[in-house]
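Residue-level listing of the chains:
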Amino acid sequence: MPMWTQLEKLDLWNCPLSDVEAISSLQSLKSLDLSSCELSDVSPVFALSGIETLDLGSNSIETLDGIDSMTSLKYLSLSFNDKEIDAESLRGLTSLRGL
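Presented here is an overview of the structure given in this document. (Residues numbered from 1 in each chain as written. Predicted model: local features only at pLDDT ≥ 70, side-chain atom pairs only at ≥ 80, totals over all residues. Heavy atoms only, no water.)

Quick word on a negative patch on the surface
Counted only if it meets this: Only residues whose relative accessible area exceeds 30% and that take part in no salt bridge are eligible for patches, with like-charged residues grouped when within 9 Å of each other and nonpolar side chains (Val, Leu, Ile, Met, Phe, Trp, Tyr) grouped when within 5 Å. We get accessible surface area from the Shrake-Rupley algorithm with a probe of 1.4 Å; when it comes to residues, only the shown protein chains can shield them. Between Lys or Arg on one side and Asp or Glu on the other, a salt bridge is scored when a side-chain nitrogen of the former is within 4 Å of a carboxyl oxygen of the latter. When charges are tallied, Lys and Arg are placed among the positive residues and Asp and Glu among the negative ones, while His and the ends of the chain are skipped. Each charge is placed at NZ for Lys, CZ for Arg, CG for Asp and CD for Glu. We count a stretch as a helix when DSSP gives it H or I for four or more residues in a row; a strand needs E for two or more, and each element gets its number in order from the N terminus.
A surface patch of like charges, here negative, comprises Asp19, Glu21, Asp41 and Glu62. By the secondary structure assignment, glutamate 62 is in the loop between strand 3 (53-55) and strand 4 (75-77).

This is the structure in structure tokens:
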């Protein structure tokens, strides 16, 4: 098994990314920082049901459809996103403690 599949924390702050599909295979992640990455679509990340802390601040995220599958999510940052996000998609995040 490749070593990176056991990563529990990944900080990609300020790394211009066009696609986060590869991150969705890191099922051991507990903390992920994708702030300031120039992202508009982060839906592949929503497959990481074990994530507890997710920073998506300072991006251009257009939708959070599917984020409710992140059942372990406790802390979520959406600050300074360029687009307006519908808060209705956060309703299913029953473990969420901080926004």
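Thoughts on the pattern of salt bridges
To keep things clear, this is the line we draw: Note on classification: 1.4 Å probe, protein chains only; a residue is buried when its accessible area is under 20% of the maximum for its type, exposed when over 50%, partly exposed between these limits.
A full pass over the atoms with the stated rule returns one salt bridge. Across the pair glutamate 88 and arginine 91 runs a salt bridge, and its minimum N-O distance is 3.1 Å. On the accessibility criterion, glutamate 88 (45% relative accessible area) is partly exposed.

Here's the deal with the side chain of aspartate 33
Under the convention used in this document: By definition in these notes, contact holds between two residues if any of their heavy atoms fall within 4.5 Å.
Along the polypeptide, aspartate 33 turns up in strand 2 (residues 31-33). Buried charge without a partner: aspartate 33 forms no salt bridge, and the closest opposite charge is lysine 9, 7.8 Å away. Those residues in contact with aspartate 33 that sit more than four places away from it in its chain are Leu10, Asp11, Leu12, Trp13 and Asp55.

What to know about the environment of isoleucine 61
Structurally, the position occupied by isoleucine 61 is in the loop between strand 3 and strand 4. For isoleucine 61, a relative accessible area of 0% puts it in the buried group. A C-alpha to C-alpha distance of 18 Å links isoleucine 61 and leucine 93, two positions 32 residues apart in sequence. Sequence-distant contacts of isoleucine 61, that is, excluding residues within four places in its chain, are made with Leu39, Ser40, Val42, Leu56, Asn81, Lys83 and Ile85.

Things to note about the sheet that holds strand 3
To keep it simple, the criterion reads: Between any two strands, at least two bridges found by DSSP are needed for them to pair. To get an axis, fit a line to the C-alpha atoms, keeping to the stretch in contact for a helix; angles then go from 0 to 180 degrees between the N-to-C directions.
Spatially, four strands are ordered 1-2-3-4 in an open sheet, and the strand pairing comes out parallel. At either margin of the open sheet sits one strand with a lone partner, and together these are strand 1 (9-11) and strand 4. Strand after strand, the sheet turns through a mean of 5° between neighbouring axes, direction not considered. Judged from the three bridges that link them, strand 1 and strand 2 form a sheet pairing that is parallel. Across the sheet, residue leucine 10 finds its bridge partner in strand 2, namely leucine 32.

Brief notes about the side chain of serine 60
For clarity, the cut-off: Counting of polar contacts relies on pairs of N or O atoms within 3.5 Å, with two restrictions inside protein: one atom must be capable of donating a hydrogen and the other of accepting it, and residues adjacent in sequence are counted only when both atoms are side-chain atoms.
For serine 60, the location among the structural elements is in the loop between strand 3 and strand 4. Within the local environment of serine 60, its side chain forms a polar contact with the side chain of aspartate 82, the two groups lying 2.9 Å apart. Dropping the residues within four chain positions of it, serine 60 is found in contact with Leu39, Ser40, Asn81, Asp82 and Lys83.

What about the environment of serine 31?
Along the chain, serine 31 turns up in strand 2. Considered as a pair, serine 31 and valine 20 are eleven residues apart in the sequence and their alpha carbons are 15 Å apart. When near neighbours in sequence (up to four residues on either side) are disregarded, serine 31 contacts Glu8, Lys9, Leu10, Ile51 and Thr53.

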